[in-house]
Amino acid sequence: MKNFLYSLFLFLIPTLIYAEDGSKLWLRYQPLSAKQVKSLSMVISSVLIEEPGDCTAITELQYAWKQLTGKELPVAASLKDYSLVIGTEKSKLIQSLGLQKELQTLGSDGFIIRTMKSKGNRITVIASKGENGLLYAVFNLLRNIQLYVPSSNILRTIQLGSSPFTFDIKEVPSYKIRILNHWDNLDGTIERGYAGHSLWKWDELPGKLSPRYKEYARANASIGINGTVLNNVNASPEILSNAYLQKVKALAEVFRPYGIHVYLSVNFSSPAALGGLSTSDPLNEGVQQWWKDKAKEIYGLIPDFGGFLVKANSEGLPGPQDFGRTHADGANMLADALKPYNGIVMWRAFVYKSSMEDRAGQAYNEFTPLDGKFRSNVILQVKNGPIDFQPREPFSPLFGAMTRTALMPEFQITQEYLGASNHLVYLAPLYKECLESDTYCSGEGSTVAWVTDGKLFPHPLTAIAGVANIGEDANWCGHQFAQANWYAFGRLAWNNELTPEVIADEWIKQTFNQQKEFVEPVKEMMLASREAAVNYMMPLGLHHLFAWGHHYGPEPWCTVPGARADWLPSYYHKADTLGIGFDRTLDTGSKAVGQYFVPLRNDYNKLKTCPEQYLLWFHHVPWKYKMKSGQTLWNELCYTYDKGVQQVRGFQKTWDKMESFVDAQRFHEVQSRLKIQSKDAVWWKDACLLYFQTFSRQPIPYDIERPVNELDSLKKIKLNLLHHN
Ligand code: BDP
């Protein structure tokens, strides 16, 4: 009997330990070993709280400490050896440590974590100007403890710390506003959302508060996100009704202790649609007054409300041009209404008309003439590329082109064009590729990061946005690895110099485990995954080959009677018997290449100097054109698609080997999605190659895997995903 119970116990242990569904994200705080707890106590053994009242930073610290060490950190009444001292510049003790001057340089969110001596005691100080800085510091400290204590037994010298057991960290975020954009509709659906319904339970609010609201705020604060736009950019005027504002207020109250400001997407015709006015013309006084009254109402309810996000005159939405006014007229009117309360307007540059003009060049042509015409509390929100969140795009030429206007990058975290929540695609390399791109607007080194974070042009506003991939699924993001994209966006918004490697390393260790045999191969898989997706979907600069109605699978042949040309793949690939690709060159093409600064303009313009990853973005290239590899374009295309397929097979092999390192649920979830990804990669490869082969009239090189599908049957696939194009 005893033996039986013992084996039952052994059998149950793994299930008990391993019952994980991903809901804790990267905030799992796995217990440290006794040895590690001991070594940690040689650095921090009590906390001296120099912050009056409720302080979220302290609550978070105590919660995590208990998870990590099994007990709370004793609160000290006075300074002792190994005290952790936490306080803002208002604290007498912090002032007495001589940190005040330094704190002035850190802005409201920056912080210091420093080991120092005070009155003979060796202490670690966490100091900042305001409470938010303390929160970010605590999360930083906790991250460092998790990342470094387990591997070294003693706390590694962190950053500038000169001897073991010391901290010397000083951080100031790259962007002042680090914001998520939720494309959540008021009916609970999410545009391009792949993790279930919206987190926001509008029907239950404001009376009932889901516990997940607070969890959401914690997760965001832990990676430095400090703003959230709650509703879809395709905004319903209803969001500004008093009934909805009461609901927004309830959410804002949950988020406030975590330093998260709430913003709303607004519909430009709200004065008419909601207010009953006869017009929404931004130069009409009644309209201006309506927005001023609305701003007053909002700030009366939510004093720290952040401002508005606006999609106007884009994809059928109303905007100032409906009244013969400019984007600047529209944005400035809203900015004036928000100004008395320090609110801002994020005005989207994602604007293109159904016209003969190359879509890639339209936003630039629309906005650059308006440079210098926007109020100081307006910031233009620009998607990373000139088209629309494709697997790979060159950076938008608007970056660097508007030196007198604040510009913020918009990235997509949700995988609209990257396999939704079925494909494992780690997006930090995509974000980083854009941020590191040199615009050359002020000579070499004028990267998108520097153009937008205030280093090059000192705008009062700096911001960065990510379209959220969060829904009500237990694991928040649909795919366990999609959590890494939320994490990576936050970390890069905080520090745009971090590398995808470092971020992946942090995420894996906190989300799964620290074992090298697990961390290294999984990291390698993540780092290769974005390029793999480009390879099996749209290599060599191809873009927008997606199926009509949803953006999941391939449909390069797609035709829809009466559809806008620029919503069809053939507009982008332009395949014919001569070659493939969009000619955007100066002499024979759309001239969009001329929107880039020299030397990019020249490099992109010439076939020989155009980077091959953008080749078919800028050029219509003959099938037999010789690539750098020596292969013809057609063969290179085939090899690259095949490479993408093989890479995903490789990810499957990597992951299958990891079974013993991961809890069963998360292991199987990822495993089954990799199977789908593998099949989808073949689907993409076969669809694109078999279709383009009807133009190239060349064989698929015989040394690669043969197609397993018939073009005719691929053409019949219709997925039942309801979305407009
Ligand atoms: C496209 C999406 C569409 C969005 C639009 C936007 O397909 O659902 O409304 O972008 O960003 O990527 O406004």
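Residues numbered from 1 in each chain as written. Predicted model: local features only at pLDDT ≥ 70, side-chain atom pairs only at ≥ 80, totals over all residues. Heavy atoms only, no water.

The name recorded for the protein chain in an unreviewed UniProt entry is Xylan alpha-1,2-glucuronidase, from Bacteroides luti. UniProt annotates the protein chain under Subunit (unreviewed entry) with the comment "Homodimer." The heading Sequence similarities (unreviewed entry) in the UniProt record of the protein chain holds the text "Belongs to the glycosyl hydrolase 67 family." (UniProt positions renumbered as here; feature names shortened; annotations may be inferred.)

Undergrad: Now, about the nonpolar core: what can you tell me, with residues and values included?
TA: Counting 220 residues, the largest nonpolar core has Phe255, Trp347, Trp486, Trp655 and Phe692 as the members making the most contacts within it. For this core, the element with the most residues is helix α22 (residues 664–696), which contributes 14 residues. Setting aside residues no more than four positions away along its own chain, Phe692 makes contact with Leu542, Leu545, Pro556, His573, Ala575, Ile580, Trp623, Trp634, Leu637 and Tyr641. Counting residues in each nonpolar core, the second largest holds 14 residues, with Leu99, Ile112, Met116 and Val125 among its members. (Core = buried A, V, L, I, M, F, W, Y, C linked by side-chain atoms within 4.5 Å. Buried < 20%, exposed > 50% of the residue type's maximum accessible area, 1.4 Å probe, protein only. Helix = DSSP H or I, 4+ residues; strand = E, 2+ residues; numbered from the N terminus. Contact = heavy atoms within 4.5 Å.)

Undergrad: Explain the packing of aromatic side chains residue by residue, including any values.
TA: We describe a pair of aromatic rings using the distance from one ring centre to the other and the angle between the two ring planes. Scanning all chains against the criterion turns up 45 aromatic pairs. Each ring, one from Tyr571 and one from Phe582, has its centre 5.6 Å from the other, and the planes form 70°; the classification is edge-to-face. With a gap of eleven residues between them, Tyr571 in helix α18 (residues 569–573) and Phe582 in the loop between β15 (579–580) and α19 (600–605) connect regions that are remote in the sequence. Across the ring face of Phe582, the terminal group of Arg584 is positioned such that the distance to the ring centre comes to 3.7 Å. (Phe/Tyr/Trp six-rings, centres within 6.5 Å; stacked < 30°, edge-to-face > 60°. Lys NZ or Arg CZ within 6 Å of the ring centre and 35° of its normal.)

Undergrad: How would you explain the confidence of the model for the protein chain if you had to name every residue and give the values?
TA: Averaged over every residue, the pLDDT of the protein chain is 94; residues scoring 70 or more account for 94%. Of the regions scoring below 50 in pLDDT, residues 4–18 engages in three contacts with residues more than four places distant in sequence or in other chains. The model gives residues 152–163 a pLDDT under 50, and that stretch makes 31 contacts with residues more than four places away or in other chains. (pLDDT = per-residue confidence, 0-100.)

Undergrad: Can you explain helix α10 (residues 285–301)? Please cite residues and give values.
TA: With 17 residues, α10 should cover 24 Å at 1.5 Å per step; its first-to-last C-alpha distance of 25 Å lies within 8% of that length. Residues of α10 that are buried include every one of Val287, Trp290, Trp291, Lys294, Ala295, Ile298, Tyr299 and Leu301, and no others. Burial along α10 is one-sided: seen end-on, the buried residues are contained in an arc of 160°. Facing away from the buried side of α10, by more than 90 degrees, are the exposed residues Glu285, Lys296 and Gly300. Where α10 is buried, its residues touch α8 (242–255), β9 (261–266), α9 (270–273), β10 (307–310) and α11 (327–338). One side-chain oxygen at the N-terminal end of α10 lies 2.7 Å from the backbone nitrogen of Gly286; it belongs to Asn284. (Expected span 1.5 Å × (residues − 1). Arc of directions from axis to C-beta. Polar contact = N/O pair within 3.5 Å; in protein donor to acceptor, adjacent residues only side chain to side chain.)

Undergrad: Could you give an account of the pairing of strand β13 (residues 406–412), with specific residues and numbers?
TA: Look at any regular strand and the pattern is simple: side chains alternate between the two faces of the sheet. The element β13 is extensively covered by neighbouring structure, given that seven of its seven residues are classed as buried. Because side chains alternate across β13, one face comprises the buried residues Ala406, Met408, Glu410 and Gln412, and the other comprises Leu407, Pro409 and Phe411, equally buried. When β13 meets strand β14 (residues 463–467), the two strands line up parallel, connected through three bridges. Looking at the pairing, Phe411 lines up with Gly466 of β14. (Pairing = 2+ DSSP bridges.)

Undergrad: Please provide a residue-by-residue account of the UniProt feature "active site" (unreviewed entry) in the protein chain, values included.
TA: Taking the numbering used here, the UniProt-annotated feature "active site" (unreviewed entry) corresponds to Glu315, Asp388 and Glu416. A relative accessible area of 21% places Glu315 in the partly exposed class. Tracing the backbone through its elements, the reader meets Asp388 in the loop between β12 (378–383) and β13. The residues contacting Asp388, other than those within four sequence positions of it, are Phe350, Arg359, Lys383, Glu393 and Tyr417.

Undergrad: Lay out the packing of α10 against α11 with the relevant residues and their values.
TA: The description of two helices packed together rests on the angle between their axes and the distance between the axes. Running from N to C, α10 and α11 cross one another at 40°; their axes reach a closest spacing of 8 Å. One finds that α10 runs oblique with respect to α11. Note that α10 runs across α11; the crossing there is right-handed. Along the contact surface, α10 presents Val287, Gln288, Trp291, Lys292, Ala295 and Tyr299, while α11 presents Met333, Leu334, Ala337 and Leu338. Split by residue class, the contact of α10 with α11 holds eight nonpolar, one polar and one charged. (Axes fitted to C-alpha atoms, helices over the stretch in contact; angles between N-to-C directions. Parallel < 35°, antiparallel > 145°, perpendicular 65-115°, else oblique. Left-handed = near helix turned anticlockwise from the far one by under 90°. Nonpolar A, V, L, I, M, F, W, Y, C, P; charged D, E, K, R; others polar.)

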